[in-house]
Amino acid sequence: MKQLLPDQDPDRLFDLAAEMFRVMSAPTRLKIISHLCEGEKNVSELIALIQTSQPNISQHLNTLHEAGIVGRRREGVQIYYHIANDRIVALCRSLCGIVAADAQIPHP
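Residues numbered from 1 in each chain as written. Predicted model: local features only at pLDDT ≥ 70, side-chain atom pairs only at ≥ 80, totals over all residues. Heavy atoms only, no water.

Undergrad: Can you explain unusual backbone geometry? Please cite residues and give values.
TA: Backbone geometry at Gln51 places phi at a positive 55°, although glycine is not the residue there. On the secondary structure map, Gln51 appears in the loop between helix 3 (43-50) and helix 4 (54-66). At Gln104, a residue that is not glycine, the phi angle is positive and equals roughly 55°. By the secondary structure assignment, Gln104 is in the segment after helix 5 (86-103). Of the residues examined, Gln104 reaches a relative accessible area of 73% and is grouped as exposed. (Helix = DSSP H or I, 4+ residues; strand = E, 2+ residues; numbered from the N terminus. Buried < 20%, exposed > 50% of the residue type's maximum accessible area, 1.4 Å probe, protein only.)

Undergrad: Lay out the pairing of strand 3 (residues 78-83) with the relevant residues and their values.
TA: Of the pairings in the sheet, the one linking strand 1 (residues 41-42) to strand 3 comprises two bridges and is antiparallel in character. Counted as the bridge partner of Asn42 is Tyr80 from strand 3. As judged from the six bridges shared by strand 2 (residues 70-75) and strand 3, these two strands associate in the antiparallel manner. Residue Arg73 lies in a different strand from strand 3, and its bridge partner there is Tyr80. What sits between the antiparallel neighbours strand 2 and strand 3 is a turn of two residues, in which Gly76 has the positive phi angle 65°. (Pairing = 2+ DSSP bridges.)

Undergrad: How would you sum up the pattern of salt bridges? Please name residues and give values.
TA: All told, the structure shown has four salt bridges when counted by the stated rule. Measuring nitrogen to oxygen at the nearest pair gives 2.7 Å for the salt bridge that ties Glu19 to Arg22. Of this pair, Glu19 and Arg22 both sit in helix 1 (residues 11-23), separated by three residues, roughly a single helical turn. Assessed through its relative accessible area of 39%, Glu19 is described here as partly exposed. On the basis of relative accessible area, Arg22 is assigned to the partly exposed category, the value being 44%. Here Glu38 ties to Lys41 by a salt bridge, and the two come within 4.0 Å at their closest N and O atoms. Where salt bridges share partners, they join Glu40, Arg73 and Glu75 into one cluster. (Salt bridge = Lys/Arg side-chain N within 4 Å of Asp/Glu carboxyl O.)

So yeah, pure geometry; function would need other evidence.
Next up, the structure:
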């Protein structure tokens, strides 16, 4: 997410925040972020953990990568993904904690 300079239009902040929330609005993306918090993983590992199709995981990973939330590196034929923005992780954990407390659901 791009940072604003003090002299920029403050409405731009809300536009950028709304875009970040849009990127993170899919439950599968939140699951991906949660699993990557445990460490770097490749697509096959994420598919096994989340139990969805390879095209679905790849689409979500691409969206998260374009938003700067996850990074990736190639090792041979495998691509490994990791968290690239720890502030987003803090936001996800905080929000999930609030939702879990309100719904009385155990939070991982």
